[in-house]
Amino acid sequence: MRLSRFFMPILKENPKEAEIVSHRLMLRTGMVRQQSAGIYTWLPLGKRVLDKVNAIIREEQNRSGAIELLMPTLQSAELWQESGRYDAYGKEMLRIKDRQDRPMLYGPTNEEMITDIFRSYVKSYRNLPLNLYHIQLKFRDEIRPRFGTMRSREFLMKDAYSFDLDRAGAEHAYNKMFAAYLRTFDRMGLRAIPMRADTGPIGGNLSHEFIILADTGESEVFCHKDFLGFDIPGEDTNFDDVAGLKTIFDKWTSRYAATSEMHDEAAFGAIAEGERLSARGIEVGHIFYFGTKYSEAMGAKVLGPDGKEHTVHMGSYGIGPTRLVPAIIEASHDDNGIIWPKGIAPFDVVVINMKTGDEACDAACGKVYSDLGKAGFDVLLDDTDERAGGKFATADLIGVPVQVIVGPRSIANGEVEVKDRKTGARETMTVEAAINKLV
Ligand code: ATP
Ligand code: MG
Ligand code: MG
Ligand code: MG
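Residues numbered from 1 in each chain as written. Chains lettered and ligands numbered in written order. Predicted model: local features only at pLDDT ≥ 70, side-chain atom pairs only at ≥ 80, totals over all residues. Heavy atoms only, no water.

A.B. asks: So what exactly am I meant to see when it comes to the overall build of the protein chain here?
C.D. replies: The helix and strand tally for the protein chain stands at 14 helices and 23 strands. Taken against the 2.2 N^0.38 rule, which gives 22 Å for 439 residues, the C-alpha radius of gyration of the protein chain at 24 Å falls within 12% of a compact globule. Projected onto its principal axes, the C-alpha coordinates of the protein chain cover approximately 80 × 60 × 40 Å. The contacts of the protein chain with a sequence gap of at least 6 include a subset with a gap of at least 24, amounting to 72%. (Helix = DSSP H or I, 4+ residues; strand = E, 2+ residues; numbered from the N terminus. Rg over C-alpha atoms; globule rule 2.2 N^0.38 Å. Contact = heavy atoms within 4.5 Å.)

A.B. asks: Would you mind going over unusual backbone geometry with me for this structure?
C.D. replies: Leaving glycine out, the prevailing phi sign among residues is negative, and the prevailing peptide bond configuration is trans. The amide bond that connects L128 to the next residue, P129, takes the cis arrangement and shows omega of 0 degrees. Tracing the backbone through its elements, the reader meets P129 in the loop between helix 5 (111-121) and strand 7 (130-139). In this model, D101 sits at a positive phi of 70 degrees, which is unusual for a non-glycine residue. Among the structural elements, D101 can be located in the loop between strand 5 (94-97) and strand 6 (103-106). On the basis of relative accessibility, which here comes to 53%, the residue D101 falls in the exposed class. Of note in the backbone geometry, F147 takes a positive phi value of approximately 60 degrees without being a glycine. Residue classification places F147 among the buried positions, given a relative accessible area of 9%. (Buried < 20%, exposed > 50% of the residue type's maximum accessible area, 1.4 Å probe, protein only.)

A.B. asks: Explanation requested: the site of ligand 1 in the structure shown.
C.D. replies: Taken together, 14 residues are adjacent to ligand 1, and E142, R151, S152, E283 and R323 come closest. Taking H286, its side chain carries an N or O atom lying 3.1 Å from an oxygen atom of ligand 1. Sorting the residues of the shell around ligand 1 by element identifies strand 8 (154-164) and strand 13 (276-291) as the ones contributing at least two each. Ranked by residue count, the leading element in the shell around ligand 1 is strand 13, at four residues. Here the residues of the shell around ligand 1 sort into four nonpolar, five polar and five charged. (Near = heavy atom within 4 Å. Polar contact = N/O pair within 3.5 Å; in protein donor to acceptor, adjacent residues only side chain to side chain. Nonpolar A, V, L, I, M, F, W, Y, C, P; charged D, E, K, R; others polar.)

A.B. asks: Could you clarify how one ought to interpret helix 1 (residues 21-28) in this entry?
C.D. replies: For the α-helix, the turn length of 3.6 residues means that residues three or four positions removed from each other point alike. Among the eight residues of helix 1, seven are classified as buried, and the element is accordingly described as predominantly covered. In this fold, the buried residues of helix 1 make contact with strand 1 (32-36), strand 2 (39-42), helix 10 (321-331), strand 17 (333-334), strand 18 (337-338) and helix 12 (388-398).

A.B. asks: I'm lost on the side chain of E330 in this one. Help?
C.D. replies: Take E330: it is sitting in helix 10. Although E330 is buried, it makes no salt bridge; R24 carries the closest opposite charge, 8.0 Å away. The residues contacting E330, other than those within four sequence positions of it, are I20, V21, S22, M150, T216 and I282. (Lys, Arg positive; Asp, Glu negative; His and termini not counted. Salt bridge = Lys/Arg side-chain N within 4 Å of Asp/Glu carboxyl O.)

A.B. asks: So what exactly am I meant to see when it comes to the packing of aromatic side chains here?
C.D. replies: Within this structure, the stated rule accounts for 17 aromatic pairs. Look at Y174 and F249: their rings are 6.2 Å apart centre to centre, the planes differ by 75 degrees, and that puts the pair in the edge-to-face class. A residue pair is termed long-range when its members are at least 10 positions apart, and Y174 in helix 6 (residues 167-187) and F249 in helix 7 (residues 242-252) qualify at 75 residues. A relative accessible area of 13% means that F249 is categorised as buried. Residues F178 and F249 carry aromatic rings whose centres are separated by 4.9 Å and whose planes lie at 70 degrees to one another, so their mutual orientation is edge-to-face. (Phe/Tyr/Trp six-rings, centres within 6.5 Å; stacked < 30°, edge-to-face > 60°.)

A.B. asks: Quick question: what am I supposed to make of the sheet that holds strand 19 (residues 349-353) here?
C.D. replies: By definition, the strands of a sheet pair up through backbone hydrogen bonds, in either a parallel or an antiparallel sense. The mixed open sheet is built from five strands, whose spatial order is 20-19-21-22-23. Looking along the sheet, the strands with just one partner apiece sit at the ends: strand 20 (379-382) and strand 23 (426-430). Put simply, the sheet's adjacent strands are angled 25 degrees from each other on average, direction ignored. Relative to strand 21 (residues 402-406), strand 19 runs parallel, the two being bridged by five bridges. The residue of strand 21 that forms the bridge with V349 is V402. Strands in contact with helix 11 (residues 359-374) are strand 19, strand 20 and strand 21; relative to strand 19, the strand with the most contacts, it is inclined by about 170 degrees. (Pairing = 2+ DSSP bridges. Axes fitted to C-alpha atoms, helices over the stretch in contact; angles between N-to-C directions.)

A.B. asks: I'm lost on the environment of M31 in this one. Help?
C.D. replies: In this structure, M31 sits in the loop between helix 1 and strand 1. For the pair M31 and M188, spaced 157 residues apart in the sequence, the C-alpha separation amounts to 18 Å. Contacts of M31, omitting those with residues within four sequence positions, involve M26, T41, W42, L43, L45, G46, V49, V325, I329, I338 and W340.

A.B. asks: Looking at this structure, I do not really get the coordination of the magnesium ion (ligand 4). What am I missing?
C.D. replies: Where a metal carries four tetrahedral donors, each ideal angle is 109.5 degrees; where it carries six octahedral donors, the ideal angles are 90 or 180 degrees. Binding of the magnesium ion (ligand 4) to the protein goes through E283 (OE) and H286 (ND1), at separations of 2.1 to 2.3 Å. In this structure the magnesium ion (ligand 3) is found 3.1 Å away from the magnesium ion (ligand 4), and E283 serves as a bridging donor for the pair. (Donors = N, O, S within 2.8 Å, 3.2 Å for Na, K, Ca; no water.)

So far we have only geometry, and geometry alone does not tell us how the molecule works.
Below, the structure written as structure tokens:
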């Protein structure tokens, strides 16, 4: 991408409405724009990051055996009347009437709809286990939307729903998502800690929130320091291995970790003082096992191997991609701007032309840009007329991991500078060496 042809509306001034660093940086870099309270446009730079986050989520959901579909945002109220949640959900639900005066709603979550899909097609235990997920917009009319896309009213959620014949099957489904979540957040450079959580309006009795520790987090959390060092399940994790996944779950639930709603001061106090962590955190994911709550109310049953009808056991599993983007920024930035982890960055490399219009600089930039592009990198070429200082500041601000700096003096010797955004380390090398280093 040539910056001169891209749409990246960088703000010169710090936006006053932003209270936390991620919100400030997302506005400054032109990643998002608020359209009305808690409702955002993802501008091109932000959209690239959001797509990367979604790609990682998708890969890890698919690896665990979950299957993607896409349900609509608008739902008919009827399904929610069946489950009993239409009245219970309260003011967070945006209720709408269509022209026939039929009650509709903008989905805050999809348990009812997926249960309806399931019961329409699946009649036998032979089609189980099944886990269906989508990445779709939700709407919740939050009392206090704030911190940009961290707590918005319209937001993206990856929500998965599992169906099993019995509790044991459902626990394995839960453990699959548990392991997939550990991998997902780790790939984004985040340490997410699964904490015992309240099940809230979803209902049920087994639930974990995945929490990133951050001073600006809205949750108050308490946990053992050991979580900071636990191993993440590998790429070769066998998701069909019931005992293997149980071992991962047992390990990651072997120490105290709870949000304030579930906090047990006595149990926490029993941990040696130096091992205790009492902090603030951001909820980036939440998983639930809720048994037959919806399948019972909505008649989702299958024939079992015994020839009898069984009400299926369900779980639901959410991740907030539009919250993860600011959470990653909260975890990874400095005074100059964002520092994107590799798999998340909007571009892999930014090539900075210090003197656009200079023949040697333009030629070298063109070569680095096209060679890296051919090698499969997403490259941003700063070919604008801005001063070199301004270009450096922009590159740091938007947080692309590697900068290749092409200036008239060094290019006269056939050399460019390669700068690591995170460490600030710079190295001078030939254009070829720079390309080889990156490829
Ligand atoms: P919170 O406690 O922050 O209100 P929640 O517990 O209501 O979140 P869940 O119903 O568990 O949210 O939804 C699953 C995931 O969706 C959350 O873990 C979070 O990552 C994301 N999410 C929920 N509400 C919002 C929101 N208003 N803005 C952005 N992401 C959200
Ligand atoms: Mg909420
Ligand atoms: Mg919550
Ligand atoms: Mg939650």
